[in-house]
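Each chain, letter by letter, is given below.
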Amino acid sequence: MKQNVESILTDYIRAVMSRATYTVFTEDGSTYGEIPGFENVTARTDTPEQCRHDLVESLEEWIFPRITRQLPVPEVDGIQLPVKEMM
């Protein structure tokens, strides 16, 4: 059965987020998150939970302009976003 675009996008975001790395800074307790291989997809907030939330938003803000311009996004864990279908 063919997955719908929304389901593929959700799976893609989950796969990308599983690669996220986080650093908690002892001097102020803030958390920094980034996703290797996704330039400028970062977040720094007061809590790990908020950092993860902001990192997902940063990832979405990275993905959607690429899709609207029909630019490729990297395949992750065998998931390739069907850019043309999302248009």
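None of the values given here were measured: they were computed from a predicted structure. (Residues numbered from 1 in each chain as written. Predicted model: local features only at pLDDT ≥ 70, side-chain atom pairs only at ≥ 80, totals over all residues. Heavy atoms only, no water.)

Asker: I'd like to hear about the nonpolar core, residue by residue, with values.
Answerer: The biggest cluster of nonpolar side chains holds 22 residues, and the ones touching the most others in it are Tyr-12, Ile-35, Phe-38, Leu-59, Ile-63 and Leu-81. Elements supplying a minimum of two residues to this core: helix H1 (5–17) and helix H2 (48–68). Considering every element that reaches this core, the biggest residue donor is H1, with 7 residues. (Core = buried A, V, L, I, M, F, W, Y, C linked by side-chain atoms within 4.5 Å. Buried < 20%, exposed > 50% of the residue type's maximum accessible area, 1.4 Å probe, protein only. Helix = DSSP H or I, 4+ residues; strand = E, 2+ residues; numbered from the N terminus.)

Asker: I'd like a description of the pairing of strand S3 (residues 42–45), backed by residues and values.
Answerer: Two faces belong to every sheet, and in a regular strand the side chains alternate between them. Judged by which residues are buried, S3 turns out to be one-sided: Ala-43 and Thr-45 face inward and are buried, whereas Thr-42 and Arg-44, on the alternate face, are not. Relative to S3, strand S2 (residues 31–34) runs antiparallel, the two being bridged by 4 bridges. Each residue of the ladder has a partner; that of Thr-31, found in S3, is Thr-45. (Pairing = 2+ DSSP bridges.)

Asker: Can you explain the environment of Thr-31? Please cite residues and give values.
Answerer: Mapped onto the fold, Thr-31 is located in strand S2. Relative accessible area serves as the criterion here: at 1%, Thr-31 is assigned to the buried category. Placed 28 residues apart in sequence, Thr-31 and Leu-59 show a C-alpha to C-alpha distance of 17 Å. For Thr-31, the residues in contact, after removing those within four places along its chain, are Tyr-22, Thr-23, Val-24, Ala-43, Arg-44, Thr-45, Thr-47, Pro-48 and Cys-51. (Contact = heavy atoms within 4.5 Å.)

Asker: Outline the pattern of salt bridges, supporting the account with residue identities and numerical values.
Answerer: On inspection of all chains with the given rule, the structure shows 2 salt bridges. Among the ionic pairs, Asp-28 bridges to Arg-44, the shortest N-O distance being 3.5 Å. Note that Asp-28 is positioned in the loop between strand S1 (21–24) and S2 and Arg-44 in strand S3, a separation of 16 residues in sequence. (Salt bridge = Lys/Arg side-chain N within 4 Å of Asp/Glu carboxyl O.)

Asker: Mind laying out the sheet that holds S1, listing which residues take part and the relevant values?
Answerer: Across the sheet, which stays open at both edges, the 3 strands sit in the order S1-S2-S3 with antiparallel pairing between neighbours. The strands lining the two open edges of the sheet, one partner per strand, are S1 and S3. Strand-to-strand twist across the sheet, computed as the mean angle between neighbouring axes with direction ignored, equals 15°. Running over the sheet, H2 touches S1, S2 and S3 and is turned about 150° from S3. (Axes fitted to C-alpha atoms, helices over the stretch in contact; angles between N-to-C directions.)

Asker: Pulling in residues and values, what's your account of the packing of aromatic side chains?
Answerer: Considering all chains together, one arrives at 1 aromatic pair under this definition. Relative to Trp-62, the ring of Phe-38 has its centre 5.0 Å away and its plane inclined at 70°; by these criteria the two rings are edge-to-face. Note that Phe-38 is positioned in the loop between S2 and S3 and Trp-62 in helix H2, a separation of 24 residues in sequence. Of note, Arg-44 hangs over the ring of Phe-25, and the distance from its end group to the ring centre comes to 3.9 Å. (Phe/Tyr/Trp six-rings, centres within 6.5 Å; stacked < 30°, edge-to-face > 60°. Lys NZ or Arg CZ within 6 Å of the ring centre and 35° of its normal.)

Asker: Pulling in residues and values, what's your account of H1?
Answerer: Taking 1.5 Å of rise per residue, the 13 residues of H1 would be expected to cover 18 Å, and the 18 Å separating its terminal C-alpha atoms lies within 8% of that figure. Listed in full, the buried residues belonging to H1 are Ile-8, Leu-9, Tyr-12, Ile-13, Ala-15, Val-16 and Met-17. Its side-chain oxygen 3.1 Å from the backbone nitrogen of Glu-6, Asn-4 forms the N-cap of H1. (Expected span 1.5 Å × (residues − 1). Polar contact = N/O pair within 3.5 Å; in protein donor to acceptor, adjacent residues only side chain to side chain.)

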